[in-house]
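Take a look at the letters that make up each chain.
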Amino acid sequence: MGQTTSWPLVSAGDKELITIHPSFNASLFVARLLKFVLAATGSSAFTLGSVPHQALAQTAAASEKSPELQLLDPPPMPLPSAQSVKGTRPKSNPTVLPPAATKLDPSLQRLAAPATLALPNKVDQVTIVELRPLSLKEVENLAEVNNPNLKAVASRVDQAQSNLRAALAAWYPTLNFSTGAFPSWSVGRQYNYLGAFGTNQEQGNTQTNRWAATATLGFNWDLINPQRVPQVTAARDAFEQAKNTYLIALRDLRLQTSQAYFQLQYADNRVRIGQTSVQASLVSLRDARARFQAGVATKLEVLEAETQLARNQSQLTNALSQQDIARRNLARLLDLPQNITPTAKEPSRPLGVWLPSLQESIVAAYAFREEIDNALLSISVSNSNANASLGAVQPFLSIVNNFVNGRTFGYAGLNPETPGPNGGLFGGQTWATDNTIGLNLRWSILDGGRARAQYRQSKQQAEENAFRFADTRDRVRFEVEESFNRLRSSNRNIQTASREVLSARESLRLARLRFQAGVTTQREVVDNQRDLTQAEESYANSLREYNDNLAQLRRRTGLDQIAVCKPPTLSSVKPKDGDEAVPVPPEPLPPACQVSNPLNNAS
């Protein structure tokens with residue numbers, strides 16, 4: 001290693017450390033030093049020691065032409081603000097994706113969702129009586145009409161709209177009717193004892209027996225309400241967020257439905273591959289036993305064939321289990337009747353080719369993803385809540401009108417039994433009306449700093465939502481890049497896996513011929529058969545991943561620019577089987593405790 005020399009170079013008030021290696025190109029150093037001085041002084045006129053002006057100019061020109069001679073990277077392009085592109089309060093745009101279906105296709109009427117609160121309580125109500133083959137288009141139609149989660153999200157949109165309507169009511173006058181006593185009955189007696197101590201002389205006794213009815217009609221209209229505008233704004237933004245949330249749920253449902261259907265296709269392929277593997281293992285076992293009985297093979301080859309058959313049967317069992325799970329998972333998303341299970345009508349094949357580039361996909365995701373709009377709306381809602389908090393300590397002015405009407409009838413007066421000139425009763429009925437019109441001013445001058453604290457809290461929440469917007473922006477791009485790269489990888493895997501399947505099939509055919517000719521062992525046949533099974537599963541998985549990533553790109557970008565693949569042309573003549581068809585014999589299923597010990601099952 002050569003020795004490194006470092007010294008500080010001071011320019012434009014900043015200190016920067018430049019490290020020079022002995023093997024460093026002198027012209028490269030001069031060019032970098034020249035660009036540094038030009039950048040610091042902002043002038044094209046320079047003099048530097050004894051270095052000729054012409055030599056420095058030639059070196060600078062060379063540095064402009066050679067990428068490795070450039071000292072400073074070009075400054076990044078400034079990005080526009082999201083609020084300047086979409087606005088501070090972007091509105092939901094339902095036209096960016098096809099609307100959800102509202103009714104089932106006539107051929108699917110029997111698959112309508114059961115009642116919302118229906119709950120089976122008998123065995124025959126959950127017993128599967130029909131396996132219904134469905135295409136991908138039919139599955140999407142059923143999901144959009146039947147799925148309960150999408151209906152729940154749609155209900156939230158209605159709730160947000162009702163909340164907005166309640167906030168708008170602050171602009172309208174209110175009319176209240178109240179009754180204090182409607183009617184009321186008052187009955188009473190008052191005794192007055194006057195005179196010296198020990199006497200019992202009654203003077204001025206009164207009694208009351210009266211019915212009364214009073215009603216008040218109040219009118220109130222806020223002329224000045226500082227909280228009204230921000231509260232309505234927040235409710236309107238929340239309504240837009242709810243509509244965006246519905247669009248997000250619709251996109252997610254379509255993606256989940258497609259992925260569940262692709263998973264079911266993959267499970268069907270695994271079952272088919274497992275059945276083919278079991279049939280091939282039965283053929284190998286039959287040949288191994290025949291050769292062993294003929295004395296040209298060993299017991300080891302028979303055991304290897306039996307081991308491979310057991311392995312393939314285990315794989316088939318797992319594939320059948322995964323198939324049942326995939327079917328019921330799809331039935332859950334579609335909310336099908338309890339006694340119907342869906343199956344895949346269409347075989348697994350690539351759905352199409354993604355046409356937009358990666359950069360176009362990223363920009364489209366920023367333009368069409370509702371998560372971006374909701375992040376901006378969250379900032380607006382927080383700012384509106386902050387303004388509403390400040391409005392609590394501002395003056396409120398209302399116009400009021402209170403109309404009071406009352407009626408009484410009955411009697412009230414002195415006790416008629418009392419003698420004297422003041423005796424007797426006063427009865428009859430009375431009416432009383434009162435109407436008051438005026439202005440009502442309310443101003444909370446001092447609240448202990450409550451409103452200001454709530455204002456700061458909402459502003460801090462708006463800042464938090466701004467950070468979450470940046471996180472959402474980065475996550476949206478990563479999701480698009482992830483799906484795009486995985487789609488490209490799946491495309492390559494389909495190509496390589498298809499070649500692997502063809503090679504494995506030919507290898508298995510040749511291995512069987514060699515085994516039948518006695519020039520190889522059963523081990524080679526078993527190995528090639530296992531390679532073929534793995535290659536076919538890899539091909540089926542590549543198809544599933546490709547369609548999965550294609551559906552994710554449609555969901556994550558909002559685009560639908562896909563070149564649909566032409567379906568393969570099928571012959572009307574059934575092709576002959578390459579291998580001899582061997583049926584898979586059914587086997588009893590003993591309890592797990594009985595078969596857990598292999599020594600107990602040895603025959």
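Treat the numbers as computed from the prediction; the structure is a model and nothing was measured.

### Some remarks on the overall build of the chain
Right, so step 1: When you go through the chain residue by residue, the secondary structure sums to 13 helices and 12 strands.
Right, so step 2: Here the chain, with 603 residues, has 33% of them falling under the buried criterion.
Right, so step 3: Of all intrachain contacts in the chain linking residues separated by at least 6 positions in sequence, the fraction that spans at least 24 positions is 81%.
Right, so step 4: Total accessible area computed for the chain in this model is approximately 37,300 Å², and 56% of it derives from carbon and sulfur atoms.

### What about the side chain of Asn374?
Right, so step 1: In this fold, Asn374 is placed in helix H10 (residues 370-391).
Right, so step 2: Judged by relative accessible area, Asn374 falls into the buried class, the value being 13%.
Right, so step 3: Filtering out sequence-adjacent residues up to four positions away, Asn374 remains in contact with Glu240, Gln241, Asn244, Thr245 and Ile248.

### A look at the pairing of strand E8 (residues 340-344)
Right, so step 1: For E8, a buried count of five out of five residues is recorded, marking the element as mostly surrounded by other parts of the structure.
Right, so step 2: Where burial is concerned, the two faces of E8 agree: the one with Ile340, Pro342 and Ala344 and the one with Thr341 and Thr343 are both buried.

### Thoughts on helix H9 (residues 358-368)
Right, so step 1: Among the residues of H9, Ser361, Ile362, Ala364 and Ala365 are the ones counted as buried. Along the axis of H9, the buried positions cluster into a sector of 165 degrees, meaning they face one direction only. Away from its buried face, by an angle of more than 90 degrees, H9 presents the exposed residues Gln359 and Val363.
Right, so step 2: Turning to H9, the residues buried within the fold contact strand E9 (352-354), helix H11 (450-517) and helix H12 (522-557).

### Regarding the pattern of salt bridges
Right, so step 1: Counted under the stated rule, the structure contains 27 salt bridges.
Right, so step 2: Between Arg555 and Asp252 there is a salt bridge whose closest N-O contact spans 2.7 Å. One end of the pair, Arg555, is in helix H12; the other, Asp252, is in helix H7 (residues 228-294), with 303 residues separating them in the sequence.
Right, so step 3: Among the ionic pairs, Asp474 bridges to Arg473, the shortest N-O distance being 3.3 Å.
Right, so step 4: Judged by relative accessible area, Asp474 falls into the partly exposed class, the value being 45%.
Right, so step 5: Overlapping salt bridges, with partners in common, bring together Asp252, Arg369, Glu371, Arg475, Glu479 and Arg555 in one network.

### Section: the packing of aromatic side chains
Right, so step 1: Per the stated rule, a full pass over the model turns up zero aromatic pairs.
Right, so step 2: When the ring centre of Phe292 is taken as reference, the NZ or CZ atom of Lys299 above it lies at 5.8 Å.
Right, so step 3: The ring of Tyr266 carries the charged tip of Arg544 above its face, separated from the ring centre by 5.3 Å.

### A look at the nonpolar core
Right, so step 1: Counting residues in hydrophobic clusters, the biggest one holds 33 residues, and the most contacted among them are Leu111, Leu134, Leu142, Tyr261, Leu330 and Leu334.
Right, so step 2: Those elements that provide at least two residues to this core are helix H5 (136-146), helix H6 (148-168), H7, helix H8 (299-334) and E8.
Right, so step 3: Counting residues per element, this core draws most heavily on H7, at 10 residues.
Right, so step 4: Leu134 has contacts with Leu108, Leu111, Val139, Leu142, Tyr261, Leu334, Pro342, Thr343, Ala344, Lys345 and Glu346, leaving out every residue within four places of it along the chain.

### Some details on the packing of H7 against H12
Right, so step 1: As a packed pair, H7 and H12 sit with axes 9 Å apart at the nearest point and diverge in direction by 170 degrees. Classed by the angle they form, the pair H7 and H12 counts as roughly antiparallel.
Right, so step 2: Residues of the contact of H7 with H12, tallied by class, amount to 10 nonpolar, 13 polar and nine charged.

### Details of the packing of H8 against H12
Right, so step 1: Where H8 contacts H12, the two axes come as close as 9 Å, and the packing angle between them is 15 degrees. Here H8 is positioned roughly parallel relative to H12, judged by the angle of their axes. In this structure, the crossing between H8 and H12 has a hand that is left-handed. Contact residues: H8 offers Glu301, Glu304, Ala305, Gln308, Arg311, Asn312 and Gln315, while H12 offers Gln522, Arg523, Val526, Gln529, Arg530 and Thr533.
Right, so step 2: Classifying every residue of the contact of H8 with H12 by side-chain character gives two nonpolar, six polar and five charged.

### Considering empty space enclosed by the protein
Empty space left among the atoms is revealed by rolling a probe the size of a water molecule over them.
Right, so step 1: In this structure the tally under the stated criterion is one cavity of 30 Å³ or more.
Right, so step 2: One number sums up the size of the largest cavity: a volume of about 40 Å³.
Right, so step 3: Every residue along the wall of the largest cavity is listed here: Ser284, Asp287, Arg512, Phe515, Gln516, Gln522 and Val525.
Right, so step 4: Secondary structure elements with two or more residues in the lining of the largest cavity: H7, H11 and H12.
Right, so step 5: Broken down by element, the residue count for the lining of the largest cavity peaks at three residues, all from H11.
Right, so step 6: Counted by class, the lining of the largest cavity contains two nonpolar, three polar and two charged residues.

### Thoughts on H10
Right, so step 1: Under the 1.5 Å per step criterion, the end-to-end length of H10 is 31 Å for 22 residues, consistent within 8% with the ideal 32 Å.
Right, so step 2: For H10, a buried count of 18 out of 22 residues is recorded, marking the element as mostly surrounded by other parts of the structure.

### Considering the side chain of Arg555
Right, so step 1: Owing to a relative accessible area of 8%, Arg555 belongs among the buried residues under this scheme.
Right, so step 2: Here Arg555 is in contact with Ile248, Arg251, Asp252, Leu255, Arg369 and Glu371, once residues within four sequence places are set aside.

### Considering the environment of Arg530
Right, so step 1: For Arg530, the position within the fold is in helix H12.
Right, so step 2: C-alpha separation for the pair Arg530 and Ala504, spaced 26 residues apart in sequence, amounts to 9.1 Å.
Right, so step 3: Apart from the residues lying within four places of it in its own chain, the contact partners of Arg530 are Gln308, Arg311 and Arg523.

Thresholds applied
- Residues numbered from 1 in each chain as written.
- Predicted model: local features only at pLDDT ≥ 70, side-chain atom pairs only at ≥ 80, totals over all residues.
- Heavy atoms only, no water.
- Helix = DSSP H or I, 4+ residues; strand = E, 2+ residues; numbered from the N terminus.
- Buried < 20%, exposed > 50% of the residue type's maximum accessible area, 1.4 Å probe, protein only.
- Contact = heavy atoms within 4.5 Å.
- Areas by Shrake-Rupley, 256 points an atom, 1.4 Å probe, with all protein chains shown as cover.
- Arc of directions from axis to C-beta.
- Salt bridge = Lys/Arg side-chain N within 4 Å of Asp/Glu carboxyl O.
- Phe/Tyr/Trp six-rings, centres within 6.5 Å; stacked < 30°, edge-to-face > 60°.
- Lys NZ or Arg CZ within 6 Å of the ring centre and 35° of its normal.
- Core = buried A, V, L, I, M, F, W, Y, C linked by side-chain atoms within 4.5 Å.
- Axes fitted to C-alpha atoms, helices over the stretch in contact; angles between N-to-C directions.
- Parallel < 35°, antiparallel > 145°, perpendicular 65-115°, else oblique.
- Nonpolar A, V, L, I, M, F, W, Y, C, P; charged D, E, K, R; others polar.
- Left-handed = near helix turned anticlockwise from the far one by under 90°.
- 1 Å grid on protein atoms, 1.4 Å probe; cavity = no way out; pocket = protein on both sides within 12 Å on 5 of 7 lines; lining within 4 Å.
- Points joined across faces, edges and corners; volume = space filled by probe spheres on them.
- Expected span 1.5 Å × (residues − 1).

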